[in-house]
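Structure at a glance
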Amino acid sequence: AGFGVGLGLALASSAFIGGSFVLKKKGLLRLCRRGRARAGQGGHAYLREWLWWAGLLCMGVGEAANFAAYAFAPATLVTPLGALSVLVSAVLSSTFLNEQLNVHGKIGCVLSLLGSTVMVIHAPQEEEVSSLESMAEKLKDPGFIVFALCVLVSSLLLIFVAGPRYGQSNVLVYVLVCSAIGSLSVSCVKGLGIALKELFSGKPVLKEPLGWVLLVCLVLCISIQINYLNKALDIFNTSVVTPIYYVLFTTAVMMCSTILFKEWQHMVLDNIIGSISGFLTIVSGIFLLHAFRDMPFTPNLLPLFLQPGRADLHTPWSSTDRHQSCQHQPLLPSEDKGSQSAEEEEEE
């Protein structure tokens, strides 16, 4: 039952989050046409745009569904299903934002779905955490403390050092901030999900300081993610930001969950290979979706026997001598040959 509920909530979350990217981008484009201060330049005029608020509402609904899914299923089951948000965002961007989705992008979407399916089948099992006390013990683990410090230090360097220099030209700067901080927000979500379960079971959770600390940390993490995701969406195409954000966010969450919940500690070899293969398949699909987004795919790029209107290719072999191939054509055109022979006669 928990698996089914978590799976359904994760699917709904991907649909809402994928649509939220398009709505936010649409609102930012409207502000750009009006000449307002852009979010990529530090402006906050998008707060008065209703399309941006609609996108934020969709993202809120998606994040709420995602929040609930983490409470019912492991993070390595919920997070890979975020590939569906890439598919939804790519299709809607092609429809409403006139951003190209060619054959390579469609193949990339299919590969992302296949990789997500493989990762769900071979998803590792996390250690059972049933109370805030056990969650507090895991948060005190030295490995997680080192990971959290690395995330905070790297995010500060990206924000205050790399951002002013490379934020306008390199998509990785702001997306890395969102992904790194997002890995910590998932840990807060897991802890708050446990707190809500205890609250509904009648335990005095509201008196526990850890629940409030996790709530404050979650609000801070989400605020940072929204701010820098807006910057990335304002500067770069949605079809670029969404897949890169998915790959980096999924990688960060998998690392955080592995360190915090020891998910890979008791996995057998075939599940390890399956999880890694599924994730690499997703990365390959995201690469196809991103790297070849501007490459037109015309029928001339197909093999000859698949190109339409090539009925002459099925003529018998006896008639092939009527059509000389390029290899048997003269290297020089006939006019050039005639002029060359005339020059030779004059020399004689």
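Residues numbered from 1 in each chain as written. Predicted model: local features only at pLDDT ≥ 70, side-chain atom pairs only at ≥ 80, totals over all residues. Heavy atoms only, no water.

**Some remarks on the packing of aromatic side chains**
Scanning the model with the defined rule gives two aromatic pairs in all. With 5.7 Å between their ring centres and 35° between their planes, Tyr-174 and Tyr-228 make a pair best called tilted. One end of the pair, Tyr-174, is in helix H8 (residues 172-200); the other, Tyr-228, is in helix H9 (residues 209-235), with 54 residues separating them in the sequence. Classification of Tyr-228 by relative accessible area gives buried; the value is 12%. Relative to Phe-249, the ring of Tyr-245 lies with its centre 5.6 Å away and its plane at 15°, an arrangement referred to as stacked. With Tyr-245 and Phe-249 both in helix H10 (residues 238-261) and four residues apart, this pair spans about one turn of that helix. (Phe/Tyr/Trp six-rings, centres within 6.5 Å; stacked < 30°, edge-to-face > 60°. Helix = DSSP H or I, 4+ residues; strand = E, 2+ residues; numbered from the N terminus. Buried < 20%, exposed > 50% of the residue type's maximum accessible area, 1.4 Å probe, protein only.)

**Side note on a nonpolar patch on the surface**
A surface patch of nonpolar side chains, about 710 Å² in accessible area, is lined by Leu-196, Leu-199, Phe-200, Leu-206, Trp-212, Leu-215 and Val-219. Position of Leu-215 relative to the elements: it lies in helix H9. (Patch = residues over 30% accessible without salt bridge, like charges linked within 9 Å, V, L, I, M, F, W, Y side chains within 5 Å. Areas by Shrake-Rupley, 256 points an atom, 1.4 Å probe, with all protein chains shown as cover. Salt bridge = Lys/Arg side-chain N within 4 Å of Asp/Glu carboxyl O.)

**Brief notes about the layout of surface pockets**
There is about 590 Å³ of room inside the largest pocket. Looking at the largest pocket, it is lined by 30 residues, and the ones nearest its centre are Ile-17, Glu-63, Asn-66, Tyr-245 and Phe-249. Sorting elements by how many residues they give to the lining of the largest pocket places helix H2 (residues 50-72) first, with eight residues. Grouping the amino acids of the lining of the largest pocket by side-chain chemistry returns 19 nonpolar, 10 polar and one charged. (1 Å grid on protein atoms, 1.4 Å probe; cavity = no way out; pocket = protein on both sides within 12 Å on 5 of 7 lines; lining within 4 Å. Points joined across faces, edges and corners; volume = space filled by probe spheres on them. Nonpolar A, V, L, I, M, F, W, Y, C, P; charged D, E, K, R; others polar.)

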